[in-house]
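Summary of structural features
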Amino acid sequence: MRQDTFLKHILPLQPRLQLVAEHLLGSADEAEDAVQDVVAALWERREELDRLLNMEGYAMNSIRNHCLTVLRRRKPTVQPESIGDYSDDEAAHEAALTEERAAMLDTMMSRLPEVQRRAIQMRYIDQLTHEEMQRRLKMSSSNVYTTLSRAMSALKAMRDGR
């Protein structure tokens, strides 16, 4: 792809990419950095872009994936030292509720079939991609989605007492 074609097709997408990034990241500055990173990456892959049928969709998917990577790399905002240091009753009550919910979730997770328990842990605790889960679980993409869906349904049913 030549520079003029790139400028004609990709640069007009920047405002939409910015909106998606701001929505996902919650910060205009981080979103601007993300858009710059994605546009630079698209420029690096400009030869491949000629073969795409939907360049806009590819760019949107690229910004979404980049933002998810940024979110995964963020450090937790709560410092471990502050956990357990409650100065008022409301905070202590909230902590007790959180512990109770965690214990309930542990109990429900133990009642799931092994493959569903592993899938939930990989996706929501280890934050693995579906592709990585496919490799580790030795399943097809549709089986990974089905397993996660069934596990979530089972957890919701247990929570609701069904």
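Here goes a summary of the coordinates provided. Counting starts from 1 at the beginning of each chain's written sequence and moves along it residue by residue. Per-residue local features are limited, in this predicted model, to residues with pLDDT of at least 70; the limit for side-chain atom pairs, both in listing and counting, is 80 or more; totals at the level of whole chains, interfaces and linings are taken over all residues. Note that the side-chain values use all heavy atoms of the structure and ignore hydrogens as well as water.

Comments concerning the overall build of the protein chain
- Numbering goes from the N terminus for both helices and strands, where a helix is a DSSP run of H or I of at least four residues and a strand is a run of E of at least two. Along the backbone of the protein chain there are 9 helices and 0 strands.
- Overall, the protein chain shows an N-to-C arrangement of helices and strands of α-α-α-α-α-α-α-α-α.
- Looking at the protein chain as a whole, 26% of its 162 residues are labelled buried.
- Whether two residues touch is decided by their heavy atoms; if any such pair falls within 4.5 Å, the residues are in contact. Expressed as a percentage of contacts within the protein chain between residues at least 6 apart in sequence, the contacts between residues at least 24 apart total 56%. Accessible area is worked out with a 1.4 Å probe on protein chains only. A residue is then buried under 20% of its type maximum, exposed over 50%, and partly exposed in between.

Observations concerning helix α2 (residues 14–25)
- Helix span, as expected, comes to 1.5 Å for every residue beyond the first. Helix length check: α2 (12 residues) gives 16 Å between terminal C-alpha atoms against 16 Å at 1.5 Å per residue, within 8%.
- Of all the residues in α2, the buried ones are L17, Q18, A21 and L25. Mapping the buried residues of α2 onto a view down its axis gives an arc of 100 degrees, with all of them on the same face. When the buried face of α2 is taken as reference, the exposed residues oriented beyond 90 degrees from it are P15, L19 and H23.
- Buried residues along α2 sit against α3 (28–44) and α5 (55–73).
- Immediately downstream of α2, the backbone of G26 shows phi near 75 degrees, a positive value. Working note: the arc is built from the helix axis to C-beta atom directions.

Considering the side chain of Q116
- Relative to the elements of secondary structure, Q116 occurs in helix α7 (residues 114–125).
- According to the relative accessible area criterion, Q116 is buried, its value standing at 13%.
- Setting aside anything within four residues of it in sequence, one finds Q116 in contact with T147, R150, A151 and A154.

Overview of a negative patch on the surface
- On the surface, E22, D29, E32, D33 and D37 cluster together to form a negatively charged patch.
- Sorting elements by how many residues they give to the negative patch places α3 first, with 4 residues.
- By the element assignment, D37 lies in helix α3.
- With a relative accessible area of 41%, D37 lands in the partly exposed category. Patch definition: residues above 30% relative accessible area lacking any salt bridge, with like charges linked at up to 9 Å and the nonpolar side chains Val, Leu, Ile, Met, Phe, Trp and Tyr linked at up to 5 Å. Only the protein chains shown count as cover for residues, and the accessible areas themselves come from Shrake-Rupley with a 1.4 Å probe. Salt bridges are counted wherever a side-chain nitrogen of Lys or Arg sits within 4 Å of a carboxyl oxygen of Asp or Glu. In this tally, Asp and Glu contribute negative charge and Lys and Arg positive charge; neither His nor the terminal groups of the chain are included. A single reference atom marks each charge: NZ on Lys, CZ on Arg, CG on Asp, CD on Glu.

Description of α5
- In a regular helix each residue adds 1.5 Å, so 19 residues correspond to 27 Å; α5 covers 27 Å between its end C-alpha atoms and thus fits that length.
- Taken together, the buried positions of α5 are occupied by M55, A59, M60, S62, I63 and C67. Along the long axis of α5, the arc covered by the buried residues comes to 160 degrees, so they all point the same way.
- For α5, the elements touching its buried residues are α1 (3–9), α2, α3 and α4 (46–49).

Brief notes about the pattern of salt bridges
- Evaluation of the coordinates by the stated rule reveals 5 salt bridges.
- Close ionic contact of E132 with R135 constitutes a salt bridge, the shortest N to O distance being 2.5 Å. Taken together, the residues span about one helical turn, with E132 and R135 both in helix α8 (residues 130–137) at a distance of 3 residues.
- With a shortest N-O distance of 2.8 Å, E132 and R136 are connected by a salt bridge. Of this pair, E132 and R136 are both found in helix α8, 4 residues apart, which corresponds to roughly one turn of the helix.

Quick notes on the environment of D29
- Mapping D29 onto the fold places it in helix α3.
- With relative accessibility at 59%, the residue D29 sits in the exposed group.
- When the C-alpha positions of D29 and Q18 are compared, they lie 9.9 Å apart, and in sequence the two are 11 residues distant.

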